[in-house]
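Examining the three-dimensional arrangement
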Amino acid sequence: MTNPAQLAYLEAMGIPVWVSRELVLDVPQEQLTTVAPDVKEDAPCAESAGAILQAMDEATLKPSGKMETPAAAISNAPDKQLMPDTITDCSSMAWQTLEQAVATCRLCDLHKTRIRTVFGGGNQQADWMIVGEAPGAEEDRQGLPFVGRAGQLLTNMLAAIKLKREDAYIANVLKCRPPNNRDPLPQEVAACRGYLQRQFELVQPRIILVVGRVAAQSLLQTKEPLARLRGRVHSLPGSAIPVVVTYHPAYLLRKPADKGKAWQDLKLAYRVFLDA
Ligand code: URA
């Protein structure tokens, strides 16, 4: 990535450029001194994100070797007792079967209101997995994760740590949109858990970045508030895969002043990734 492009990403995220010093990315010192007094008001538009992507002229950082995370090290369902009786056992499903199971899923009432299921997508051998809460209106229409405005900001957040969106695997805790984007119900999360669990097993990521309180609490099986979940490294229950929590991009669109804190989280995730 060229330095100007990287700076453009950071700017598009609305974060002060000074923070990248610690990340030891390839930005020369003199280019890090621009400190915007305030974060930008809003997220980048689709066109600017697209233009920035076009400007990329170098591959994102790829790991020297993929960490072997034995599928067996990941428990199939950390709390099987929460699963509805009828839950499909996904533990040996290949990608196609799993996707088909999701597409035809009727385990909870969300199948009655969804337009399409949103299975997830990206690089199935990714080192990074990004996990969000649930599809929104646009995702429900397109059947793809993070394609709305929040998705555009997510793309820029990833680019700020030199990660091309298509190099990551992106999925949600829920595969169907809750009506009016309400919070997922516990039984919906339980019904969907096996699908995401199997996605983890198939991808075997080196790191998981979780966006938003709901996804973080459900993945880490905790009720701790987001403020306490951010800023430290967790591991996926039943496995050694590190998990870093940050704000949901939809929240950052509403509260851009917190983009600086999100950048701290991204830097933490990046450091963990390098160590993994
Ligand atoms: N918000 C999410 O959590 N996931 C999506 O896919 C879109 C918006």
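Scope of this entry: the structure provided in the associated data block.

What counts and what doesn't
- Residues numbered from 1 in each chain as written.
- Predicted model: local features only at pLDDT ≥ 70, side-chain atom pairs only at ≥ 80, totals over all residues.
- Heavy atoms only, no water.
- Near = heavy atom within 4 Å.
- Polar contact = N/O pair within 3.5 Å; in protein donor to acceptor, adjacent residues only side chain to side chain.
- Areas by Shrake-Rupley, 256 points an atom, 1.4 Å probe, with all protein chains shown as cover.
- 1 Å grid on protein atoms, 1.4 Å probe; cavity = no way out; pocket = protein on both sides within 12 Å on 5 of 7 lines; lining within 4 Å.
- Sits in = over half its atoms within 2 Å of the grid points.
- Helix = DSSP H or I, 4+ residues; strand = E, 2+ residues; numbered from the N terminus.
- Expected span 1.5 Å × (residues − 1).
- Bend = angle between axes of the 7 residues up to and from the residue.
- Buried < 20%, exposed > 50% of the residue type's maximum accessible area, 1.4 Å probe, protein only.
- Points joined across faces, edges and corners; volume = space filled by probe spheres on them.
- Disulfide = S-S within 2.5 Å.

Here's the deal with the site of the ligand
Close to the ligand lie Gly132, Glu133, Ala134, Glu139, Pro145, Phe146, Asn172 and His248, which account for all nearby residues. One nitrogen or oxygen atom from the main chain of Glu133 is found 2.8 Å from an oxygen atom belonging to the ligand. Contacts to the ligand include His248, whose side-chain N or O atom sits 2.8 Å from an oxygen atom. Contact with the protein chains removes 92% of the 240 Å² of surface that the ligand exposes when unbound. The cavity that encloses the ligand is the largest pocket.

A look at helix H7 (residues 186-203)
The terminal C-alpha atoms of H7, which comprises 18 residues, lie 25 Å apart, in line with the 26 Å expected from a rise of 1.5 Å per residue. The largest bend in H7 is about 40°, located at Cys192. Most of H7 sits out of view: 15 of its 18 residues are buried. The positive-phi residue at the C-terminal boundary of H7 is Gln204, with phi of around 50°.

Quick look at empty space enclosed by the protein
Counted according to the given criterion, the structure contains three cavities of 30 Å³ or more. The volume enclosed by the largest cavity comes to roughly 120 Å³. Contributing to the lining of the largest cavity are twelve residues, with Arg193, Leu196, Gln197, Ser218 and Leu219 lying nearest its centre. Those elements that provide at least two residues to the lining of the largest cavity are H7 and helix H8 (213-220). It is H7 that provides the largest number of residues to the lining of the largest cavity, a total of five residues. In this model, the second largest cavity occupies a volume close to 90 Å³. Elements that contribute at least two residues to the lining of the second largest cavity include exactly helix H4 (110-113) and H7. Per-element tally for the lining of the second largest cavity: the top contributor is H7, with three residues.

A look at the layout of surface pockets
By volume, the largest pocket amounts to about 540 Å³. Only helix H5 (137-142), helix H6 (149-160), H8 and helix H10 (249-254) provide two or more residues apiece to the lining of the largest pocket.

Concerning the state of the cysteines
Throughout the structure, instances matching the rule amount to zero disulfides. The thiol of Cys105 is not disulfide-bonded; the next cysteine sulfur, from Cys192, is found 6.1 Å away. A relative accessible area of 14% places Cys105 in the buried class. Between Cys108, a cysteine without a disulfide, and Cys176, which holds the nearest cysteine sulfur, the sulfur-to-sulfur distance is 6.1 Å.

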